[in-house]
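Each chain, letter by letter, is given below.
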Amino acid sequence: QVQFVESGGDLVLPGGSLRLSCVASGGALGMHYMNWYRQAPGKQREFVATIDWTGTTTSHADSVKGRFTISRDNAKNTVYLQMNSLRPEDTAVYYCNIPGRTSWGQGTQVTVSS
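Numbering of residues starts from 1 in each chain and follows the order in which that chain's sequence is written. In keeping with the model being predicted, local features are shown solely for residues with a pLDDT of at least 70 and side-chain atom pairs are shown and tallied solely at 80 or more, while totals for entire chains, interfaces and linings include all residues. Side-chain figures throughout are based on the complete set of non-hydrogen atoms in the structure, without hydrogens or water.

Novice: I tried to follow the side chain of Arg101 on my own but got confused; where do I start?
Specialist: Note on conventions: DSSP H or I runs of at least 4 residues are helices, E runs of at least 2 residues are strands, and numbering of each starts at the N terminus. Of note, Arg101 is situated in the loop between β9 (92-97) and β10 (108-112). Of the side chains bearing the opposite charge, Glu6 lies closest to the buried Arg101, which forms no salt bridge; the N-O distance is 8.1 Å. A polar side-chain atom of Arg101 sits 2.8 Å from the main-chain carbonyl oxygen of Val2. What qualifies as a polar contact is a pair of N or O atoms within 3.5 Å, subject to a donor-acceptor requirement within protein and to the restriction that residues adjacent in sequence count only when both atoms come from side chains. Within the structure, Arg101 has its side chain in polar contact with the side chain of Asn97 (distance 3.2 Å). Each residue's exposure class comes from its accessible area (1.4 Å probe, protein chains only) as a fraction of the maximum for that residue type: buried when under 20%, exposed when over 50%, partly exposed otherwise. When charges are counted, Lys and Arg contribute as positive and Asp and Glu as negative, whereas His and the chain ends are disregarded. Salt bridge, as used here, is a side-chain nitrogen of Lys or Arg placed within 4 Å of a carboxyl oxygen of Asp or Glu.

Novice: So what exactly am I meant to see when it comes to the side chain of Arg72 here?
Specialist: Tracing the sequence through the fold places Arg72 in strand β7 (residues 68-73). From its side chain, Arg72 meets the backbone oxygen of His32 in a polar contact 2.8 Å long. For Arg72, the side chain forms a polar contact with the side chain of Asn74, separated by 2.8 Å. Other than its neighbours up to four places away in sequence, Arg72 contacts Leu29, Gly30, His32, Tyr33, Met34, Ile51, Asp52, Trp53, Gly55, Thr78, Val79 and Tyr80. Contacts are residue-level and defined by heavy atoms, with any inter-residue pair within 4.5 Å sufficient.

As structure tokens, then:
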């Protein structure tokens, strides 16, 4: 079964940028939609963005719209999340996954703080 490994998280100042990566191992991304999610301390995991298998159709949560951009490179089995104008409320562990799948990777920690 394909597994996902997230990376790119870091401590960043408010207003800064990060690019997260999600690499599929043990299989290809194939024709799956892919989502990014995040979970802040003490809160439920929430949807951040989705992308279709061609990479041409995307949707983002209202809280990140205009600041975050999801993309993918199927040749590299990788999904990206470009995050700009980061805010302290974006602090969370970020995960990628196929919609509806219940097994999760380790995620990558993003901390936005001065």
